[in-house]
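Okay, here's what each chain looks like letter by letter:
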Amino acid sequence: TTAIGVRTITASATGLASDSQGATIVAAAASKLAFTSTAQQSVTIGQCSAIVTVQSRNSGDAPTNVAADTTVSLTANPTSLVFYSDPACATSVTSVPIVAGFNTASVYFKYTTAIGVRTITASATGLASASQGATIVAAAASKLAFTTTVQQSVTIGQCSAIVTVQSRNSGGAPTNVAGNTTVNLTANPTSLVFYSDPACATSVTSISITAGFNTAS
């Protein structure tokens, strides 16, 4: 049960000449698939994953070359997760081959719908399938946007309605900032003054989006 290769077995007895013969130990045939890459815990939504590698193994869980080209079908839950053959996620695929005489195939994936844990599954005819989780996380905040509509009728000398600015990721989704973030305020002409309160009593030149949140007003 230790390793493959040629082994010698010998029979001997007192008063009798011994005899020996060889025995070739071979690996069990591939019977299942397994992921060799660890589950990805932080795949940014809309971006390509790191490489995912699936391997053919025998019943003892040892890597085992396939005897013939083997198609590994790829599925996901939810099905809107897409697999790709390249690290730029340019060419989508639904399967990858394990070439005869080898035991691995690799793929990449991308998900653009929502954050959360997703399940990817590899299966092939005659081999037990394998599944692995992947955690899709939000992209980091990369831009600001006003959530309040443009104010068309602000009476001169009077305080405006509230104006709210929001941090968003590259996909336009509201995204909490990792640390306290100062938002600087400027106007054209510069004589327009900003205030921190609805009575326009305390002037400011910046406001702060608190860590873990995405708006300031």
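As a reminder, the structure under discussion sits directly above these lines.
**Student:** Break down the sheet that holds strand β13 (residues 143–146) for me, with residues and values.
**Tutor:** Taken together, three strands build an open sheet; the order of strands is β13-β14-β19 and the sheet is antiparallel. What marks the edges here is a single partner per strand, and that holds for β13 and β19 (215–216). Where strand β14 (residues 165–168) and β19 come together, two bridges link them in antiparallel fashion. Looking at the pairing, V165 lines up with A216 of β19.

**Student:** I'd like to hear about the pairing of strand β6 (residues 70–77), residue by residue, with values.
**Tutor:** Consecutive side chains along a regular strand alternate between the two faces of the sheet. Of the two faces of β6, only the one carrying T70, V72, L74 and A76 is buried; T71, S73, T75 and N77 on the other face are not. Two strands pair when backbone bridges link them, and β6 and strand β11 (residues 116–124) are joined in this way by five bridges, in the antiparallel orientation. Each residue of the ladder has a partner; that of A76, found in β11, is I120.

**Student:** Residue-level account of the state of the cysteines, with values.
**Tutor:** In total, this model carries two disulfides according to the counting rule given. Across a sulfur-sulfur distance of 1.8 Å, C48 and C89 are joined as a disulfide pair. One disulfide, between C48 and C89, carries an S-S torsion of 75° and so falls in the right-handed class. Residue C48 is found in the loop between β4 (40–44) and β5 (52–57), and its partner C89 is found in the loop between β7 (82–84) and β8 (92–93); the two are separated by 41 residues along the sequence. C89 gets classed as buried once you look at its relative accessible area, which sits at 7%. With its sulfur 1.7 Å from that of its partner, C159 forms a disulfide with C200. Classification of the bridge connecting C159 and C200 rests on its S-S torsion, roughly 80°, and on that basis the disulfide is right-handed. Taken as a pair, C159 in the loop between β13 and β14 and C200 in the loop between β16 (194–195) and β17 (203–204) lie far apart in primary sequence, 41 residues in all. C159 sits in the partly exposed class, given a relative accessible area of 29%.

Rules of the game
Residues numbered from 1 in each chain as written. Predicted model: local features only at pLDDT ≥ 70, side-chain atom pairs only at ≥ 80, totals over all residues. Heavy atoms only, no water. Pairing = 2+ DSSP bridges. Helix = DSSP H or I, 4+ residues; strand = E, 2+ residues; numbered from the N terminus. Buried < 20%, exposed > 50% of the residue type's maximum accessible area, 1.4 Å probe, protein only. Disulfide = S-S within 2.5 Å.

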